[in-house]
Amino acid sequence: MNARERCLNILHYKNVDRMPAVHFGYWKELLEEWAEQGHISKELANTAVVDGSVAQKELDKILGWDCVWGYSVGARLGLMPTFERKVLETLPDGTQRVQTGTGVIERIKPGIVSIPSEDDYLLKDREIFETLYLPKMQYTPERLNAEFFKNFNETRDKTVPIGISLGSVMGHLRDICTVVGMSYLMYDEDEDLFAEIVDTYAEMQYKCVEATLATGAEFDFGHYWEDICFKNGPLLSPELFDELCAKHYKRRNELCHKYGIDIISLDCDGVTEKLIETWLTNGVNVMFPIEVGTWGDQFEPARKKYGESILGVGGMDKTALRKDKAAVDAEIERMKRLASMGGFVPCPDHRLMPGTKFELVQYYTEEIKKIKV
Amino acid sequence: MSILIEISENLQKGKAKIVKELVQQAIDAGMDPQEILGGLLSGMDVVGEKFKNGEVYIPEVLVAARAMNQGATLLKPLLAESGAVASGKVCIGTVQGDLHDIGKNLVKMMMEGKGLEVVDLGTDVSPEAFVNTAIEQNCQVICCSALLTTTMGVMGDVVKAAEAAGVREKVKILIGGAPVSDDFCREIGADCYTVDAASAADVAVALCKELGA
């Protein structure tokens, strides 16, 4: 069996010969660290960060990984064209205020690897939405690289799972408006406008997915990115999330079902528990990456509550890979218990970060493959 | 309905414009600024409790805090004139190497909503900057925030810097953020870890009181 068959079989409660060693990718800084330590070449460190790339597969092979989860392809689902990225101001300490492609003003400090802090944002009212954003949220045929999908079924790597990108119903808009801007619009300034933005964006993404599927390309799963939760749960009320988003998940997922795609995965960091109901009842059935280590998210309670309809990829505390063999062994034991429930593929609960020990990753991949399902 | 209740209720709904108008009305009617501030603070108290209990989410806190700020801006000069004192003083920042500030800003808002004076050091704050600010500005509490597992270790350096400066007994160190936990707090020798912004504000008030603010 190959990694694709193993992952898909597990997510369909079918037998496999062994557990696949699945990961979520690498922080660029980790690869640089490994290059400094002499584990990999600098060239590999520069290129292996791209999911699905030949270089990443080369590094995966060295470490013993079978595949990455979440690798998906599709149309361009964001603003198109994006705003021109420009430096608005450089402060005396070298910090730059930069307007990004989404229209958010970020503060970027040289030498610091972090999520940038958001200073300001453009999308504040209807006039700006209609003049600057609405034209960028339309479906046009240019969003789809038809050439790429022409011989996709013949040329794709058939040994690893590849999904169709389904976009993001709320997460992209969080990126466009910022958490603060989104909150002001939704709860005080213009809730109707915010709902209209959600609907407009979702319509464009639906058409993108529709056009991608119409090419005849076949996919193993559908994949969303949301990142709409944090340590204490969702970034907005579950009721409002459901009201704004449920119909869009349903419509997009029903379209996938028509094309035989029954595995719909969703990448959301943080504690996701309160949003699972909306996702699951509207066709999203794989929770990923189930961040246990950083945020304390859990898979077992969801399985108890929703039964076998809910599937999972993730849930392995990646911080164990920075510690020692005993910490990894404890995670392997926990993964064994989760895997025994079926419909669950262990995977580090986010991209591997700086400080991760090369030899512990090799040890983990060896051990995880020993799990019988 | 009393204007103070109206202020409190509109603040809870995040209606910044209305809160500002009501505060101005109260000032014009000659009400004691401290009493008007009480109306704002009582509204933030309700929001903070609901946030702790999972009844409201970040957006509700953000809009309420904005409404609070708009009202408080009108009151500030009047409170200064009357010689009113804050219930304590804290300095807050995201630790060195980390630029993420949503959590830090939320904590700051909740603390201001509790009547504390907050010195905002921004992001990427060095341990020395935390400690020097606490000394120079007589802060009772240093609040450190971190989003990343790679930067949370700096919180331990803040504790060490406070020890090195000889002020560890005079200043309490409160930590929070995505990767932080009670165990980590104990490990680095900080005083308190809180799970959310509203709890951080409650604890900061208690710590200031403990230190006799």
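Remember, predicted model here, so these are calculated numbers, not experimental data.

1. Concerning the overall build of chain A
- Helix and strand counts for chain A come out as 14 helices and 15 strands.
- Here the C-alpha radius of gyration of chain A, 21 Å, is about what a compact globule of 373 residues would show, namely 21 Å.
- Principal axes of the C-alpha set define a box for chain A whose edges measure 60 × 55 × 45 Å.
- With 373 residues in all, chain A has 58% of them scored as buried.
- Taken as a whole, chain A presents about 15,300 Å² of accessible surface, with 50% of it coming from carbon and sulfur.

2. Overview of the sheet that holds strand 8 (residues 163-167) of chain A
Residue and element names in this part refer to chain A.
- Pairing is parallel in the open sheet, where seven strands are placed in the order 3-8-9-12-13-14-15. Both outer strands of the open sheet, strand 3 (72-73) and strand 15 (344-348), are each paired with one neighbouring strand and no more.
- With four bridges connecting them, strand 9 (residues 221-225) and strand 12 (residues 264-267) associate as parallel partners. Across the sheet, the residue bridging to Tyr224 is Leu266, located in strand 12.
- Strands strand 14 (311-316) and strand 15 of the sheet are contacted by helix 13 (residues 325-339), whose axis makes an angle of about 170° with strand 14.

3. Observations concerning the packing of aromatic side chains
All names here are of chain A.
- In the structure shown here, the tally under the stated rule is 15 aromatic pairs over all chains.
- Where Phe148 meets Phe152, the ring centres are 5.9 Å apart and the plane angle is 45°; that geometry is what we call tilted.
- Geometrically, the ring pair formed by Phe149 and Phe219 is edge-to-face, given 6.1 Å between the ring centres and 70° between the ring planes. Residue Phe149 is located in helix 6 (residues 146-150), and its partner Phe219 is located in the loop between helix 9 (191-214) and strand 9; the two are separated by 70 residues in the primary sequence. Each member of the pair, Phe149 as well as Phe219, carries the same accessibility label: buried.
- Here the basic side chain of Lys136 rests over the ring of Phe83, its NZ or CZ set 4.6 Å away from the ring centre.

4. Structural notes on the sheet that holds strand 5 (residues 96-99) of chain A
All names here are of chain A.
- Pairing is antiparallel across the open sheet formed by four strands, whose spatial order is 4-5-6-7. Of all the strands in the sheet, just strand 4 (86-90) and strand 7 (117-121) have a single pairing partner and so form its edges. Geometrically, the sheet is characterised by an average inter-axis angle of 25° between neighbouring strands, direction not taken into account.
- Of the pairings in the sheet, the one linking strand 4 to strand 5 comprises four bridges and is antiparallel in character.

5. What to know about the packing of helix 3 (residues 33-52) of chain B against helix 9 (residues 197-210) of chain B
All names here are of chain B.
- Running from amino to carboxyl end, helix 3 crosses helix 9 at an angle of 120°, the nearest separation of the two axes being 8 Å. As far as their axial angle goes, helix 9 and helix 3 are oblique. Counted together, Gly48, Glu49, Phe51 and Lys52 of helix 3 and Ala197, Ala198, Ser199 and Asp202 of helix 9 form the full contact between these two elements.
- Along the lines of polarity and charge, the residues of the contact of helix 3 with helix 9 split into three nonpolar, two polar and three charged.

6. Examining the domain arrangement of chain B
All names here are of chain B.
- Here chain B is described as being made up of domain 1 (3-82) and domain 2 (89-210).
- The distance between the C-alpha centroids of domain 1 and domain 2 comes to 25 Å.
- Each partner contributes residues to the interface: domain 1 has 13 residues there, and domain 2 has twelve residues.
- Across the domain 1 to domain 2 interface the summed buried area is about 1,000 Å²; carbon plus sulfur atoms make up 71%.
- Taken as a group, Met44, Phe51 and Lys52 account for 37% of the area that domain 1 buries against domain 2, more than any other trio of residues on that side.
- The tally of links between domain 1 and domain 2 comes to two salt bridges.
- In this structure, the salt-bridge partner of Asp202 is Lys52, at a minimum N-O distance of 2.3 Å.
- Scanning the region where domain 1 abuts domain 2 turns up two residue pairs in polar contact (both at pLDDT 80 or more).
- Every element with two or more residues in the side of domain 1 that touches domain 2 is listed here: helix 3 and helix 4 (58-82).
- Tallying contributions element by element places helix 3 first for the side of domain 1 that touches domain 2, with seven residues.
- Here the side of domain 1 that touches domain 2 is built from residues that sort into eight nonpolar, two polar and three charged.

7. Looking at the interface of chain A and chain B
- Between chain A and chain B, the contact holds 32 residues from the first and 30 residues from the second.
- At the boundary of chain A with chain B, the tally comes to four salt bridges.
- Between Lys15 of chain B and Asp188 of chain A there is a salt bridge, with its nearest N and O atoms 3.7 Å apart.
- Contributing elements (two or more residues each) for the side of chain A that touches chain B: strand 7 and helix 8 (171-189) of chain A.
- In terms of residues, the side of chain A that touches chain B owes the most to one element, helix 8 of chain A, which gives eight residues.
- In the side of chain A that touches chain B, the residues fall into 18 nonpolar, six polar and eight charged.

8. Overview of helix 2 (residues 16-28) of chain B
All names here are of chain B.
- If you check helix 2, its first and last C-alpha atoms are 18 Å apart, about what 13 residues at 1.5 Å a residue would give, namely 18 Å.
- Listed in full, the buried residues belonging to helix 2 are Ala16, Val19, Leu22, Val23, Ala26 and Ile27. End-on, the buried residues of helix 2 take up no more than an arc of 140°, which puts them together on one face. Relative to its buried face, helix 2 has exposed residues pointing more than 90 degrees away, namely Lys17 and Asp28.

9. Remarks on a negative patch on the surface
Residue and element names in this part refer to chain A.
- Residues Glu239, Asp242, Glu243 and Glu277 make up a contiguous surface patch of negative charge.
- In terms of residue count, helix 10 (residues 238-258) provides more of the negative patch than any other element does, three residues in total.
- In this fold, Glu239 is placed in helix 10.

About the cut-offs
Residues numbered from 1 in each chain as written. Chains lettered and ligands numbered in written order. Predicted model: local features only at pLDDT ≥ 70, side-chain atom pairs only at ≥ 80, totals over all residues. Heavy atoms only, no water. Helix = DSSP H or I, 4+ residues; strand = E, 2+ residues; numbered from the N terminus. Rg over C-alpha atoms; globule rule 2.2 N^0.38 Å. Buried < 20%, exposed > 50% of the residue type's maximum accessible area, 1.4 Å probe, protein only. Areas by Shrake-Rupley, 256 points an atom, 1.4 Å probe, with all protein chains shown as cover. Pairing = 2+ DSSP bridges. Contact = heavy atoms within 4.5 Å. Axes fitted to C-alpha atoms, helices over the stretch in contact; angles between N-to-C directions. Phe/Tyr/Trp six-rings, centres within 6.5 Å; stacked < 30°, edge-to-face > 60°. Lys NZ or Arg CZ within 6 Å of the ring centre and 35° of its normal. Parallel < 35°, antiparallel > 145°, perpendicular 65-115°, else oblique. Nonpolar A, V, L, I, M, F, W, Y, C, P; charged D, E, K, R; others polar. Domains from an automatic or database assignment. Buried area = accessible area lost by both parts, 1.4 Å probe. Salt bridge = Lys/Arg side-chain N within 4 Å of Asp/Glu carboxyl O. Polar contact = N/O pair within 3.5 Å; in protein donor to acceptor, adjacent residues only side chain to side chain. Expected span 1.5 Å × (residues − 1). Arc of directions from axis to C-beta. Patch = residues over 30% accessible without salt bridge, like charges linked within 9 Å, V, L, I, M, F, W, Y side chains within 5 Å. Lys, Arg positive; Asp, Glu negative; His and termini not counted. Charge placed at Lys NZ, Arg CZ, Asp CG, Glu CD.

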